[in-house]
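Here is what each chain is made of, one letter per residue.
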Amino acid sequence: MTETFRPDARTPRGFIDKRAADLRAERRIIEAVSAVYERYGFERLDTGAFEYADALGKFLPDSDRPNEGVFALQDDDEQWMALRYDLTAPLARFSAQFWETLPKPFRRYAFGPVWRNEKPGPGRFREFIQCDADTVGSSRPEADAEMIAMMAEGLEAVGLPQGQAVVKINNRKLLNGLLTTVGVQSEPQRLAVLRAVDKLDRLGADGVRYLLGEGRKDESGAFTPGAKLNAGAAERVLAFLGAGREDRGATLSNLADVIGGSVEGDEGLADLAKIDAALTRMGVDHDRAAFDPSIVRGLEYYTGAVFEAELLLETRDEHGHAVRFGSVGGGGRYDDLVARFTGERQPATGFSFGVSRLAAALRAAGREAASDVRGPVVVIVFDPQAMGEYFAVAAELRAAGIAAEVYLGGSGMKAQMKYADRRLSPAAVILGGDEIAAGTVTIKDLDLGRALAAGITDNRQWREDRPGQATVPRAELVASVRRIVDAVS
RNA sequence: GCCGCCUUAGCUCAGUUGGUUAGAGCGCUAGAUUGUGGCUCUAGAGGUCCUCAGUUCGAACCUGAGAGGUGGUACCA
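Residues numbered from 1 in each chain as written. Chains lettered and ligands numbered in written order. Predicted model: local features only at pLDDT ≥ 70, side-chain atom pairs only at ≥ 80, totals over all residues. Heavy atoms only, no water.

1. Thoughts on unusual backbone geometry
Following K104, the chain continues into P105 via a peptide bond in cis, with omega recorded as 0°. Relative to the assigned elements, P105 resides in the loop between α3 (88-98) and β5 (106-115). Within the chain, K228 stands out as a residue other than glycine whose phi angle is a positive 60°. Inspection of the secondary structure assignment puts K228 in the loop between β9 (223-225) and α8 (231-241). (Helix = DSSP H or I, 4+ residues; strand = E, 2+ residues; numbered from the N terminus.)

2. Focus on the side chain of T135
Mapped onto the elements of the fold, T135 is located in strand β6 (residues 127-136). For T135, a relative accessible area of 1% corresponds to the buried category. Contacts of T135, omitting those with residues within four sequence positions, involve F42, P105, F106, R107, E146, M147, P347, A348 and T349. (Buried < 20%, exposed > 50% of the residue type's maximum accessible area, 1.4 Å probe, protein only. Contact = heavy atoms within 4.5 Å.)

3. Some words on the pairing of strand β18 (residues 427-430)
Side-chain alternation along β18 places A427 and V429 on one buried face and A428 and I430 on a second face that is also buried. Pairing of strand β16 (residues 377-379) with β18, which is carried by 2 bridges, proceeds in the parallel orientation. Each residue of the ladder has a partner; that of V378, found in β18, is A428. The pairing of β18 with strand β19 (residues 440-445) spans 4 bridges and is classified as antiparallel. Paired with A427 across the two strands is D445, which belongs to β19. (Pairing = 2+ DSSP bridges.)

4. Side note on the domain arrangement of chain A
Examined at the domain level, chain A breaks down into domain 1 (20-364) and domain 2 (377-488). Averaged C-alpha coordinates put domain 1 and domain 2 at centres separated by 53 Å. (Domains from an automatic or database assignment.)

5. Some thoughts on the protein's contact with RNA strand B
Near RNA strand B, the surroundings consist of 43 residues, among which R13, R195, D434, R463 and Q469 are the closest. Per the 4 Å cut-off to the protein, sugar and phosphate atoms form 47% of the nearby atoms of RNA strand B. Between RNA strand B and the protein, one listed contact pairs a sugar or linking oxygen with a side-chain N or O atom of D421 at 2.7 Å. In the model, a base nitrogen of RNA strand B is placed 2.6 Å from a nitrogen or oxygen of the L446 main chain. Counting residues per element, the ones that place at least two in the surface near RNA strand B are α14 (413-422), α15 (433-438), α16 (446-453) and α17 (459-465). In terms of residue count, the dominant contributor to the surface near RNA strand B is α14 (6 residues). Its residues assigned to classes, the surface near RNA strand B shows 14 nonpolar, 8 polar and 21 charged. (Near = heavy atom within 4 Å. Polar contact = N/O pair within 3.5 Å; in protein donor to acceptor, adjacent residues only side chain to side chain. Nonpolar A, V, L, I, M, F, W, Y, C, P; charged D, E, K, R; others polar.)

Right, here's the structure in full:
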């Protein structure tokens, strides 16, 4: 007794199938953002999906679990390879590998899927698309300013004008200066403070105060241990977080009062002042790009400016509940990434848009009305003997630039009409014995037919009226179909 | 990773204190309609009741473990 194995038809968790409408939305975002990058003088670079794991590994969050978080496999020469988890690590590898031959500073952009082997959540997948721009080889704060300007312009280009999304800017040097002045002792304590700071927008000042001190218990009863700062130090951190003002200049001078004095803090302030000046001259004002002391981003990676694109739009899920979308992109200065390969410190700055997240955000905001993808003109197979004629018709239409196909299923005419309907075809071409004998062709405008059907309740009338249908001389086929197709688009 | 909730047809969901052939709506396929997508009527197909183990004469239903989903939380290069 043999039993045939039948696999479950299912997608691995965190992976999704995308159909034409989703892909079109993503492509539109990629094209809009890429055009911005190119206008700023960035060249496109594609690298492979896999990198050697050691080229990615060092910047994983848990260095004691080297391959945690990535999809890794062993090549037949025993070397570990891993799917890229972002586009920056491959750029660091590429820059190190070809440094001598590259124009410096090297400005490149890239887009494509990246993979992270971690628990998926709402709007979080194990495969998603990023669109990334970086400058390697410039330590000027103006290089950071340019990144911020491109983020702001990119948001605009995908349909999120001023007021619907904003770029928030901070500098890790400020945070480091702050940590020094409040007397943070150990690395774990430093990380705990940064994590607490990062949660300001979600938990508010009170929540952060607990996390800076003894810890915080949330509604679910879970306890998050705190950074164990004394009360004075915690208040100092909170004062820093509250230093944002109505424009970038005012925020800067206010921050100087809170943080001024530490060497690193002053450096950070000087960098931000230059970024502010460059942004202003590029026409990027405070409503598009603001200084926000609570922005932290990745803990290990960034060494200077950090920035994050945040959605301000109110979005709702399919049940009508408000959804926080938060960050749709981010980046910053990472001066140590290339040095891993060459030993030579190479200043770099860059950022990514999360294309999948942006697409989801625009959809949730009702911006990307999930408009349906229209199908081709369907040539109905009425008489199998006339197959050659049907393909000639399709070829004529295609030569005229009209998407067309001959129905290749085995069903009758009714099912074929239904097929064309479901494909959202603009028109069906009917060529039966009567038409062939008469040298004519019948063309049905499916949209018009649908509209007329609403007013017909009687079946006999529906059948006799044949709404939206016209029979024309065979020679007028292309012209007639074109009129219908043009009216659709 | 931790905590809560959920899992029955393609989809949304009913389901008897544990008792024979597990249901509905929508969708799908087809017929009524010799060459027409809608409407109406009719018929048909479609189910390891998430999986495994246990309790029981008997489990979709009770117990345990696991998987998947979902909502928080942690992490997020």
